[in-house]
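# Observations on chain architecture
Spelled out from the first residue to the last, the chains are:
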Amino acid sequence: RAAWMVNNGYDLALAEQSLVHGADLVAFGKSFIANPDLTARLRTNGPFNTPDRATFYGGGDAGYTDYPTLGAATA
């Protein structure tokens, strides 16, 4: 059997529900780009950075290396 990956706008609750219903993995895409420490944020229920769509796939560092980490966001 092939792996079943779900994606597109998932939050923790929807991801957990999908895994219970047979998904093998969840891709967070935009949420991960904006939150490089996404696993820590999911464990603590945020806060979450808002993705800046204008910087997606633009070829530069902006939008990939400049989002604050959880420690910086809560400090």
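Located above this text is the structure these notes cover.
To keep things clear, this report deals only with the structure shown in the data block. (Residues numbered from 1 in each chain as written. Predicted model: local features only at pLDDT ≥ 70, side-chain atom pairs only at ≥ 80, totals over all residues. Heavy atoms only, no water.)

## Describing the pattern of salt bridges
Opposite charge on two side chains lets them pair, provided their charged atoms get close. Scanning all chains against the criterion turns up two salt bridges. When the shortest N-O distance is used, the salt bridge between Asp24 and Arg1 registers 2.9 Å. Linking Asp24 in the loop between helix 1 (12-20) and strand 2 (25-27) with Arg1 in the segment before strand 1 (5-7), this pair joins segments that are 23 residues apart in sequence. Residue Arg1 is classed as exposed on the basis of its relative accessible area, which comes to 81%. We note a salt bridge from Arg41 to Asp37, for which the minimum N-O separation is 2.6 Å. (Salt bridge = Lys/Arg side-chain N within 4 Å of Asp/Glu carboxyl O. Helix = DSSP H or I, 4+ residues; strand = E, 2+ residues; numbered from the N terminus. Buried < 20%, exposed > 50% of the residue type's maximum accessible area, 1.4 Å probe, protein only.)

## As for the side chain of Asn35
In this fold, Asn35 is placed in the loop between helix 2 (30-34) and helix 3 (38-44). Beyond its immediate chain neighbours, meaning those up to four positions away, Asn35 contacts Arg41, Phe48 and Asn49. (Contact = heavy atoms within 4.5 Å.)

## Things to note about the side chain of Asp37
Residue placement: Asp37 occurs in the loop between helix 2 and helix 3. Of the polar contacts made by the side chain of Asp37, one reaches the backbone nitrogen of Leu70; its length is 2.5 Å. If near-sequence neighbours (up to four positions away) are discounted, Asp37 is found in contact with Thr69 and Leu70. (Polar contact = N/O pair within 3.5 Å; in protein donor to acceptor, adjacent residues only side chain to side chain.)

## A closer look at helix 1
Two to three positions downstream of the cap, the backbone nitrogen of Ala13 sits 3.4 Å from a side-chain oxygen, assigning the N-cap of helix 1 to Asp11. Of the residues flanking the end of helix 1, it is Gly22, one or two places downstream, whose phi is positive at about 115 degrees.

## As for the packing of aromatic side chains
All told, the structure shown has one aromatic pair when counted by the stated rule. Ring centres of Phe56 and Tyr57 lie 5.9 Å apart, and the angle between their planes is 65 degrees; on these two criteria the pair is classed as edge-to-face. For Tyr57, a relative accessible area of 66% gives the class exposed. (Phe/Tyr/Trp six-rings, centres within 6.5 Å; stacked < 30°, edge-to-face > 60°.)

## Overview of the nonpolar core
Within soluble globular proteins, side chains that are nonpolar generally end up buried alongside one another. Core analysis: the biggest nonpolar cluster contains five residues, these being Val6, Tyr10, Ala15, Ala23 and Val26. When near neighbours in sequence (up to four residues on either side) are disregarded, Ala15 contacts Tyr10, Val26 and Phe28. (Core = buried A, V, L, I, M, F, W, Y, C linked by side-chain atoms within 4.5 Å.)

## With respect to unusual backbone geometry
The omega torsion across Gly46 and Pro47 is 5 degrees, close enough to zero to call that bond cis. Even without a glycine there, the phi angle at Asn45 is positive, about 60 degrees. Topologically, Asn45 is positioned in the loop between helix 3 and helix 4 (70-74).

## Some details on the environment of Gly63
Among the structural elements, Gly63 can be located in the loop between helix 3 and helix 4. Gly63 gets classed as buried once you look at its relative accessible area, which sits at 3%. Remark: the alpha-carbon pair of Gly63 and Ile33, spanning 30 residues in sequence, is separated by 7.5 Å. If sequence neighbours within four positions are ignored, Gly63 has contacts with Ile33 and Thr55.

Functional significance is not addressed by these values, which are geometric in nature.
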